Amino acid sequence: NAGVTQTPKFQVLKTGQSMTLQCAQDMNHEYMSWYRQDPGMGLRLIHYSVGAGITDQGEVPNGYNVSRSTTEDFPLRLLSAAPSQTSVYFCASSYSGFRTQYFGPGTRLLVL
Amino acid sequence: EDKVVQSPLSLVVHEGDTVTLNCSYEVTNFRSLLWYKQEKKAPTFLFMLTSSGIEKKSGRLSSILDKKELFSILNITATQTGDSAVYLCAVEAGGSNYKLTFGKGTLLTVNP
């Protein structure tokens, strides 16, 4: 099993550009989540999904869209990148609830 | 709004010392408290606590939860340089869809 994979590992964007951060898991987990981690801020939940076709907002959803068309994939879209979205983004998955989540390796995003 | 507060924010100790990390919380509909270790990459799961007074132990690490006073502690005895990391506390809470709220983390540095 590859676990939770994220691509790209690192990305530089200009303000106003859009992009999609990819997340995939091969553990047949129902729950998937996106977090951002900023220095001194811990992890903050952006969006999450409790199963294919179901998504909900987390703590900081503005500026991000998600969809969950399959159990395996949970992409995060930045509609119009802003410097405030410079962060490290982690995707996570779990079988049920947020307990014992498996985290992906992270994507480091820099918006200029 | 759910809150998780960790203290201290950073700590420097020498190898062999014992450390205690604190996590207090104010949430609605508490379900569980989780501890993670993060070493410059994705967080890795350490403990999940759901009941007061029951110590969870793994090697030199142990943790306990007090649901009356709304806090948890993570103890590390005989610290080693490999224990240097950010330790994150997260609380799972909420209504029909439980969410995870993270503290800002404690940066532990263990010097030889």
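Relevant structure appears above.
Residues numbered from 1 in each chain as written. Chains lettered and ligands numbered in written order. Predicted model: local features only at pLDDT ≥ 70, side-chain atom pairs only at ≥ 80, totals over all residues. Heavy atoms only, no water.

**Student:** Describe in detail the pattern of salt bridges, supporting the description with residues and values.
**Tutor:** Enumeration over the complete set of coordinates arrives at five salt bridges over all chains. Across the pair Asp38 of chain A and Arg36 of chain A runs a salt bridge whose closest N-O atoms are separated by 3.0 Å. Between Glu92 of chain B and Arg31 of chain B there is a salt bridge whose closest N-O contact spans 3.0 Å. Of this pair, Glu92 of chain B sits in strand E9 (residues 85–93) while Arg31 of chain B sits in strand E4 (residues 30–38); the two residues are 61 residues apart in sequence, bridging distant segments of the chain. In this structure, a network of salt bridges that share partners links the residues Arg36, Asp38 and Arg44 of chain A. (Salt bridge = Lys/Arg side-chain N within 4 Å of Asp/Glu carboxyl O. Helix = DSSP H or I, 4+ residues; strand = E, 2+ residues; numbered from the N terminus.)

**Student:** So what's going on with a nonpolar patch on the surface? Residues and values would help.
**Tutor:** Residues and elements named next belong to chain A. Together, Phe10, Val12, Leu110 and Leu112 line one region of the surface with nonpolar side chains, adding up to about 360 Å² of accessible area. Locating Leu112 in the fold gives a position in the segment after strand E11 (107–111). You can call Leu112 exposed: its relative accessible area is 58%. (Patch = residues over 30% accessible without salt bridge, like charges linked within 9 Å, V, L, I, M, F, W, Y side chains within 5 Å. Areas by Shrake-Rupley, 256 points an atom, 1.4 Å probe, with all protein chains shown as cover. Buried < 20%, exposed > 50% of the residue type's maximum accessible area, 1.4 Å probe, protein only.)

**Student:** Just give me the short version of the side chain of Asp83 of chain B, but keep the residues and values in it.
**Tutor:** The topology assignment puts Asp83 of chain B in the loop between strand E8 (71–76) and E9. Setting aside residues no more than four positions away along its own chain, Asp83 of chain B makes contact with Lys37, Arg60, Ile76, Leu108 and Val110 of chain B. (Contact = heavy atoms within 4.5 Å.)

**Student:** So what's going on with the state of the cysteines? Residues and values would help.
**Tutor:** Enumeration according to the criterion identifies two disulfides over all chains in this entry. Sulfur-sulfur distance for the disulfide between Cys23 of chain A and Cys91 of chain A comes to 1.8 Å. Judged by the sign of its S-S torsion, about -70 degrees, the bond between Cys23 of chain A and Cys91 of chain A is left-handed. Of this pair, Cys23 of chain A sits in strand E3 (residues 19–25) while Cys91 of chain A sits in strand E9 (residues 87–94), and the two are 68 residues apart along the sequence. Each member of the pair, Cys23 of chain A together with Cys91 of chain A, is buried. In this model, Cys23 of chain B is linked to Cys89 of chain B through a disulfide, with the two sulfur atoms separated by 1.9 Å. Torsion about the S-S bond of the Cys23 of chain B and Cys89 of chain B cystine: about -65 degrees, corresponding to left-handed handedness. (Disulfide = S-S within 2.5 Å.)

**Student:** Pulling in residues and values, what's your account of the sheet that holds strand E6 (residues 56–58) of chain B?
**Tutor:** Residues and elements named next belong to chain B. Reading across from one edge, E1-E3-E8-E7-E6 is the order of the five strands in this open sheet, with antiparallel pairing throughout. The sheet is open, and its two borders are formed by strand E1 (3–7) and E6, each paired with just one other strand. Across this sheet, the average inter-strand angle for adjacent strands is 15 degrees, counted without regard to direction. Where E6 meets strand E7 (residues 61–66), three bridges bridge the pair, whose relative direction is antiparallel. (Pairing = 2+ DSSP bridges. Axes fitted to C-alpha atoms, helices over the stretch in contact; angles between N-to-C directions.)

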